[in-house]
Amino acid sequence: MKIGMVLEGGAMRGMYTAGIIDMLLEDEIKVDTIVGVSAGVLFGVNYLSKQKGRVIRYNKEYAKDPRYMGFKSLITTGNIINKEFAFYEVPFKLDIFDEEEFEKSDCELYATVTNVETGKPEYFKVNNVYSDMELLRATSAMPFVSKIVEWDGKRYLDGGISDSIPVDKCKELGCDKIIVVLTRPLEYRKKKANSFMTKIGYSKYPNLINTINNRYKNYNDILEKVIELEGKNEIFVLRPSKDLHIKRIEKDKEKLQAMYDLGVEDYRKNIEELRKYLYS
């Protein structure tokens, strides 16, 4: 049996995911394959490196640091999440990522990205977090507030634009049991975005424009599919049991902690059902 896990993005809503990942580590629940999107990848790497508590620790430490994220970084660098500080200073020097432990893991991690030329999702295996850091930047490069990232000779943005919840990819990779971690409550549905902004911002990329303009519909469709698969017991879904109204770029440390704690709480409420699903 091959166990997979799908990790939705959502920037700082990913503190929910971090709480669940830490509980999986604590309970030594083995996952064979992870397919992540955006923050789901950025935080998911810590499952493989077995660094329980790292995600909530460094995010609370640097949430209000202007070097980490915010409009100052957006204005000065073109990226609302600062490239040099968040992706290189923090994991290399300030809260060091355990690459050695990551490489020991037999769990495979795939990052979802959106090709700006085709508007389609692509999936890359993360082999080494340090050398693949630009891939991690690509999967989390939110449209309008991030520069396009080059990887493997192509240009990419946030994977959530084209495949927000890559359940199909996880199945394609041969996973028999799949844990899906969402960062929005059950009742959430995405609304149509401003197409005028998209046309102005990405006029050189008509396929990307089409994908962004239809993102709300594609996202809502995959949510319905997730609910259907969940009802058939084909996947196991963990999602926020309540809406904490946390911002994508959240700087309030208490709100970050509350989102993390909700992940821990929801996991503990569902752990027996999760074990039953995985091992029955």
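Further up the page is the structure itself.
So, here's what we can say about the structure. Once a new chain begins, its residue numbering starts again from 1 and follows that chain's sequence as written. Whole-chain, interface and lining totals are the exception, using all residues; otherwise, since this is a predicted model, local features are given only for residues with pLDDT of at least 70 and side-chain atom pairs are given and counted only at 80 or more. Side-chain metrics rest on all non-hydrogen atoms present in the structure, leaving aside hydrogens and water.

Let us look at the packing of aromatic side chains. Aromatic ring pairs are defined here through the distance separating the ring centres and the angle between the ring planes. When the centres of two rings from Phe, Tyr and Trp lie within 6.5 Å, Trp using its six-membered ring, the rings pair. Their planes under 30 degrees apart give stacked, over 60 give edge-to-face, and anything left gives tilted. For the coordinates displayed, the defined rule picks out eleven aromatic pairs. For the ring pair tyrosine 88 and phenylalanine 92, a centre distance of 5.7 Å and an interplane angle of 20° mean the geometry is stacked. Here tyrosine 88 and its partner phenylalanine 92 are both found in helix 5 (residues 83–94), four residues apart, which amounts to about one turn of the helix. Residue exposure (1.4 Å probe, protein chains only): buried if accessible area is under 20% of the type maximum, exposed if over 50%, otherwise partly exposed. Of the residues examined, tyrosine 88 reaches a relative accessible area of 24% and is grouped as partly exposed. Strands are runs of DSSP state E lasting at least two residues, helices are runs of H or I lasting at least four, and both sets are numbered from the N terminus onward.

The next point concerns the packing of helix 1 (residues 15–26) against helix 12 (residues 253–279). Helix-helix packing: each pair is described by the crossing angle between the helix axes and the interaxial distance. Axis definition: a line fitted to C-alpha atoms, limited for helices to the stretch in contact. Angles are taken between N-to-C directions and run from 0 to 180 degrees. Contact geometry for helix 1 and helix 12: axes closest at 7 Å, N-to-C directions at 45°. Between helix 1 and helix 12, the angle falls in the class oblique. The way helix 1 lies across helix 12 gives a crossing that is right-handed. Side by side, helix 1 and helix 12 meet where Met15, Tyr16, Ala18, Gly19, Ile20, Asp22, Met23, Leu24 and Glu26 of the first sit next to Leu256, Met259, Tyr260, Leu262, Gly263, Val264, Asp266, Tyr267, Arg268 and Leu274 of the second. Partitioning the contact of helix 1 with helix 12 into residue classes produces 13 nonpolar, two polar and four charged. Note on terminology: angles under 35 degrees are roughly parallel, angles over 145 are roughly antiparallel, angles of 65 to 115 are roughly perpendicular, and the others are oblique. By the definition used in this description, the sense in which the near helix is turned from the far one sets the handedness, with an anticlockwise turn below a right angle giving left-handed and a clockwise turn giving right-handed. Throughout, a residue-residue contact means that at least one pair of heavy atoms, one from each residue, lies within 4.5 Å. Under the scheme applied, nonpolar residues are Ala, Val, Leu, Ile, Met, Phe, Trp, Tyr, Cys and Pro; charged residues are Asp, Glu, Lys and Arg; polar residues are all the others, including Gly.

Multiply 1.5 Å by the residue count of a helix minus one, and that product is the helix's expected span. Between its terminal C-alpha atoms helix 1 stretches 17 Å, which fits the 16 Å expected from twelve residues at 1.5 Å a residue. Along helix 1, eleven of the twelve residues are buried, which leaves the element largely enclosed by surrounding structure. Considered for burial, the residues of helix 1 that qualify are Met15, Tyr16, Thr17, Ala18, Gly19, Ile20, Ile21, Asp22, Met23, Leu24 and Leu25. Each element contacted by the buried residues of helix 1 is listed here: strand 1 (3–7), helix 2 (39–48), helix 3 (54–62), strand 7 (177–181), strand 8 (236–238) and helix 12.

Looking now at the layout of surface pockets. For each structure, a 1 Å grid was placed over the protein atoms alone; sets of points admitting a 1.4 Å probe that cannot get out are labelled cavities, open sets with protein on both sides within 12 Å along at least five of seven lines are labelled pockets, and lining residues have an atom within 4 Å of a point. Grid points are joined across faces, edges and corners, and a volume is the space filled by probe spheres set on the points. The calculated volume of the largest pocket comes to roughly 640 Å³. Elements with a minimum of two residues in the lining of the largest pocket: helix 9 (195–201) and helix 11 (215–231). When residues in the lining of the largest pocket are grouped by element, the largest group, three residues, is from helix 11. When grouped by side-chain class, the residues that make up the lining of the largest pocket number 14 nonpolar, seven polar and eight charged. A volume near 330 Å³ is recorded for the second largest pocket. Taken together, 23 residues form the lining of the second largest pocket, with Pro121, Ile161, Ser162, Asp163 and Asn218 sitting closest to its centre. For the lining of the second largest pocket, the secondary-structure elements that each account for two or more residues are strand 4 (121–125), helix 8 (167–172), helix 10 (206–213) and helix 11.

Right, let's get into empty space enclosed by the protein. Counted according to the given criterion, the structure contains four cavities of 30 Å³ or more. In terms of lining residues, the largest cavity is bounded by 23 residues, among which Leu42, Phe43, Tyr58, Ala86 and Phe87 are the most central. Of all the secondary structure elements, the ones that give two or more residues to the lining of the largest cavity are helix 2, helix 3, helix 5 and helix 7 (133–139). With five residues, helix 2 is the largest single contributor of residues to the lining of the largest cavity.

Right, let's talk about the state of the cysteines for a bit. Note on terminology: disulfide denotes any pair of cysteine sulfur atoms within 2.5 Å. Following the criterion strictly, the structure yields zero disulfides and no others. A disulfide-free cysteine, cysteine 170 has its sulfur positioned 3.7 Å from the sulfur of cysteine 175, the nearest such atom.

Residue placement: asparagine 128 occurs in the loop between strand 4 and helix 7. Owing to a relative accessible area of 18%, asparagine 128 belongs among the buried residues under this scheme. From its side chain, asparagine 128 meets the backbone nitrogen of serine 131 in a polar contact 2.9 Å long. Residues in contact with asparagine 128, not counting those within four places in the same chain, are Glu99, Phe102 and Glu103. Two N or O atoms count as a polar contact when they lie within 3.5 Å, although within protein this holds only if one can serve as hydrogen donor and the other as acceptor, and sequence-adjacent residues are included solely when both atoms are side-chain atoms.

Fair warning: the whole summary comes from geometry, so function is off the table for now.
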